[in-house]
Amino acid sequence: MDMNEIKDGIRALAMGAMASQSSDGSWRLCLDTGISTDCYWIVLLTALRRRDDAFIRPLAARIASLQQPNGAWKLYPDEEGSLEATAEACYALLCAGFYLETDVAIERAKQYIRSKGGLSQAKSLLTQVIFSATGQVEWPKQLRLPLELFFSQAGLDLFSLSGHARVHLIPTLIMSNLQFSARNEWMPDMGDLFVHGERTFANDHTWISALNAFLSAIPFDSLPVIGSPNALEQARQFMLERLEPNGTLLTYSTSSILMAFALMALQEPVASPLMDRLLHGVLSLQCWNRAGIQTASSEIWDTAMISYALREAGLPTSETSTSLENAALYLASRQQSRVGDWIRRSPHTEPGGWGFSDVNTFYPDVDDSVAALRTIRPYLSRLPDGRASWQRGLNFVLAMRNDDGGWPAFERRGSSITDLFFTFDGKSDIASDPSTVDLSCRVLEFLGKELEMTIGHSWVDDSVKWVLSRQERDGSWYGRWGIAYVHGTGMALQGLLAVGLAKDHPAVTKGVRWLFDIQNSDGGWGESCVSDERKRYVPLNASTPSQTAWALNGLIAAHDKPTSEMERGVEALLRVLRAGDWTSVYPTGAMLPGSMYAHYPSNNVSWPLLALSAYVNKFGE
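Parameters at a glance
Residues numbered from 1 in each chain as written. Predicted model: local features only at pLDDT ≥ 70, side-chain atom pairs only at ≥ 80, totals over all residues. Heavy atoms only, no water. Salt bridge = Lys/Arg side-chain N within 4 Å of Asp/Glu carboxyl O. Helix = DSSP H or I, 4+ residues; strand = E, 2+ residues; numbered from the N terminus. Buried < 20%, exposed > 50% of the residue type's maximum accessible area, 1.4 Å probe, protein only. Expected span 1.5 Å × (residues − 1). Arc of directions from axis to C-beta. Core = buried A, V, L, I, M, F, W, Y, C linked by side-chain atoms within 4.5 Å. Contact = heavy atoms within 4.5 Å. Phe/Tyr/Trp six-rings, centres within 6.5 Å; stacked < 30°, edge-to-face > 60°. Lys NZ or Arg CZ within 6 Å of the ring centre and 35° of its normal. Axes fitted to C-alpha atoms, helices over the stretch in contact; angles between N-to-C directions. Left-handed = near helix turned anticlockwise from the far one by under 90°. Parallel < 35°, antiparallel > 145°, perpendicular 65-115°, else oblique. Polar contact = N/O pair within 3.5 Å; in protein donor to acceptor, adjacent residues only side chain to side chain.

Student: Help me out: how do you make sense of the pattern of salt bridges in this one?
Tutor: Once the charged atoms of two side chains with opposite charge are near each other, the side chains can pair. Under the definition given, this model contains 35 salt bridges. Here Arg49 ties to Glu185 by a salt bridge, and the two come within 2.7 Å at their closest N and O atoms. Note that Arg49 is positioned in the loop between helix H2 (36–47) and helix H3 (53–65) and Glu185 in the loop between helix H7 (163–177) and helix H8 (206–216), a separation of 136 residues in sequence. The exposure class of Glu185 is exposed, given its relative accessible area of 58%. Close ionic contact of Asp189 with Arg183 constitutes a salt bridge, the shortest N to O distance being 3.7 Å. You can call Asp189 partly exposed: its relative accessible area is 39%. Three or more residues joined by partner-sharing salt bridges are found here, namely Arg166, Glu241, Arg242, Asp341, Arg345 and Glu411.

Written as structure tokens, this is what we have:
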């Protein structure tokens, strides 16, 4: 493999990255999670009678442009079609007012939905909530849990759920408890999509109905009726206390949209300052370079990862040095000082983490915190209170470790009993925030490379043992936040080897062999989002830049000299980067399994740059 060609690829990636850096030192790229958020936004504005044609028209045009010849919309390119995405798109286009029931696009969409058993077969939580909140279907029985179940001393611990689950569930329960419907004359009737006549969802099992009937009869704190003023007010306050400065509910556009519906259910005027604040918050997530609203923005993650990759590239230029320092200054300014819900299970921990988004002020996560710590470390002497700030961030990361030895995304793990009440797709991944191999191994890699912590410390040993226990029989590891087994395996190899696990350890050998076994004929790696749904490896039969880079990073860490497979992998990575075809926008970021996947533009910069730089730095001589 020609090292000069690799170095040229590194320079091209680095120069392109620096050219796209914002003046404040951040990278502000558009996170693409598909059309769902656009659809929910159109439906909300229609429900509020605040539809702005000039704004909605490009959203509707983007949605319509993504319809497939079979009438469906997809969550990812190799999917035949998604029932839920198709139903949402069809509904949104009709609500937008630019399409009629008789239009060919609508007829084809409805035909596809009926071919899949109709709208009653939709199993996504958000899909069911949007159609229920607008009176198209009766509220699912499994969503009629009394609010008192969470807002009374005798109830369940709301905070056993993940933070992102909480802020979506509470506005949903407000609406379901009040049997709210925002239906108005601007909205179409979607009843013809329920092919068996009954406007119900098929996964709303009878035992859920019996359970909720029993719970509804319990006099929580002597409150005799469901949806009592006390519980409703507590639920409302819960949402208000978690509004970010930009007006979003915990930075998510989806939860913010649900909160707007919930406020309507609570009789909030549709043009009140609070409602305006929410709507402006959602609008602040509109992509700058295309029609579309992000589920959340990713400035902290993109900035930390791209600047780290630039550092590893080692380009000896003043421009690079300035870029890295500006990124560090930006990230330092976004370190959090507010206490969030994480304090409940880490009561003696100071704030000090970082969130995913530029406007995230009290919902930090482990992954972004580690990435930010790594980026600012070389510049601590130039940052206000730099070393103390860095130590607070490190303490936060270490405090978030779960008792099993792994790390979660956002908060130490609570009880998982609450997800027993639901039958939605991906509920286990969404409702709880367990330890994950990919995030745990990124922490281990950080501890090993930056702090020189190794096996032999009992604390590190416990984490290594947990990761080893999660290896699949075939040698792979599942990654929760990337697609999926390639992501998990690449991260596991890097993390374990960084803290000193021997390269000839059986787990390492099996992981390396698995990556070699699934290598594509073109030399790269590619895995389908289907893997994330089925929880087993499913090949994409094409190579993507990020997945090829993940595999290479793991293999480079595991070898002292390049192999022919790795050389072919590097050639494939350079080739797919140059091609810039559909594989470069394949959604390799995992969000809501089976419901939402993300394409990070930064994935085509940071991970390939890290892999190519690691190859040159280790094997260049």
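Student: Quick question: what am I supposed to make of helix H5 (residues 104–115) here?
Tutor: For H5, spanning twelve residues, the distance from its first C-alpha to its last is 16 Å, which sits close to the expected 16 Å at 1.5 Å a residue. Taken together, the buried positions of H5 are Ala105, Ile106, Ala109, Lys110, Tyr112 and Ile113. Buried residues of H5, seen end-on, are gathered within an arc of 160° and therefore sit on one face of the element. In H5, the exposed positions angled more than 90 degrees off the buried face are occupied by Val104, Gln111 and Ser115.

Student: Sorry if this is basic, but what is going on with unusual backbone geometry here?
Tutor: Across the chain, the bulk of peptide bonds are trans and the bulk of non-glycine residues have phi less than zero. Unlike most non-glycine residues, Glu452 shows phi in positive territory, near 55°. On the secondary structure map, Glu452 appears in the loop between helix H17 (437–451) and helix H18 (458–469).

Student: Even after reading the chapter, I still don't get the nonpolar core, so can you show me in this structure?
Tutor: Nonpolar side chains tend toward joint burial in soluble globular proteins. With 208 residues, the main nonpolar core has Ile6, Trp41, Ile63, Met175, Phe261, Leu310 and Val467 as its most contacted residues. Considering every element that reaches this core, the biggest residue donor is helix H4 (residues 83–96), with eleven residues. Ignoring anything within four residues of it in the chain, the contact list for Phe261 reads Val43, Leu44, Ala47, Ile130, Ala133, Thr134, Met175, Phe180 and Ala182.

Student: I tried to follow the packing of aromatic side chains on my own but got confused; where do I start?
Tutor: Aromatic ring pairs are described here by two measures, namely the spacing of the ring centres and the angle between the planes. A complete count under the given rule lists 18 aromatic pairs for this structure. Centre to centre, the rings of Trp390 and Phe446 are 6.4 Å apart; their planes meet at 45°, and the pair counts as tilted. Taken together, the residues span a long stretch of sequence, with Trp390 in helix H15 (residues 386–399) and Phe446 in helix H17 at a distance of 56 residues. Trp390 sits in the buried class, given a relative accessible area of 7%. On the accessibility criterion, Phe446 (1% relative accessible area) is buried. Site record: aromatic cluster; members linked through ring pairs are Tyr252, Tyr363, Phe410 and Trp481. One cation-aromatic arrangement involves Arg344 over Phe159; the distance from NZ or CZ to the ring centre is 3.6 Å. Looking at Arg480, its charged tip hangs above the ring of Trp481, at a distance of 3.9 Å from the centre.

Student: Sorry if this is basic, but what is going on with the environment of Phe194 here?
Tutor: With respect to the helices, strands and loops of the structure, Phe194 is situated in the loop between H7 and H8. Taking the relative accessible area as the measure of exposure, Phe194 reaches 3% and is therefore buried. Placed 15 residues apart in sequence, Phe194 and Gln179 show a C-alpha to C-alpha distance of 20 Å.

Student: For this particular structure, what's the right way to read the packing of helix H1 (residues 3–19) against helix H24 (residues 606–619)?
Tutor: Interhelical geometry of H1 versus H24 gives an angle of 145° and a closest axis separation of 10 Å. For the pair H1 and H24, the crossing hand works out as left-handed. Between H1 and H24, the contacting residues are Met3, Ile6, Lys7, Ile10, Leu13 and Ala14 on the first element and Pro608, Leu609, Leu612, Ser613, Tyr615, Val616 and Phe619 on the second.

Student: Can you walk me through the packing of helix H22 (residues 545–558) against H24 in this structure?
Tutor: A pair of packed helices is captured by two measures, namely the crossing angle of their axes and the spacing between those axes. Close contact between H22 and H24 brings their axes to 8 Å; oriented N to C, the two are set at 30°. One finds that H22 runs roughly parallel with respect to H24. By crossing handedness, the relation of H22 to H24 is classed as left-handed. On the side of H22, the interface is formed by Pro545, Ala549, Trp550, Leu552, Asn553, Ile556 and Ala557, while H24 contributes Trp607, Pro608, Leu610, Ala611, Ala614, Tyr615, Lys618 and Phe619.

Student: Sorry if this is basic, but what is going on with the side chain of Gln471 here?
Tutor: Take Gln471: it is sitting in the loop between H18 and helix H19 (485–498). Of the residues examined, Gln471 reaches a relative accessible area of 17% and is grouped as buried. A polar atom in the side chain of Gln471 sits 3.0 Å from the backbone oxygen of Ala507. When near neighbours in sequence (up to four residues on either side) are disregarded, Gln471 contacts Ser476, Trp477, Ala507, Lys510 and Gly511.

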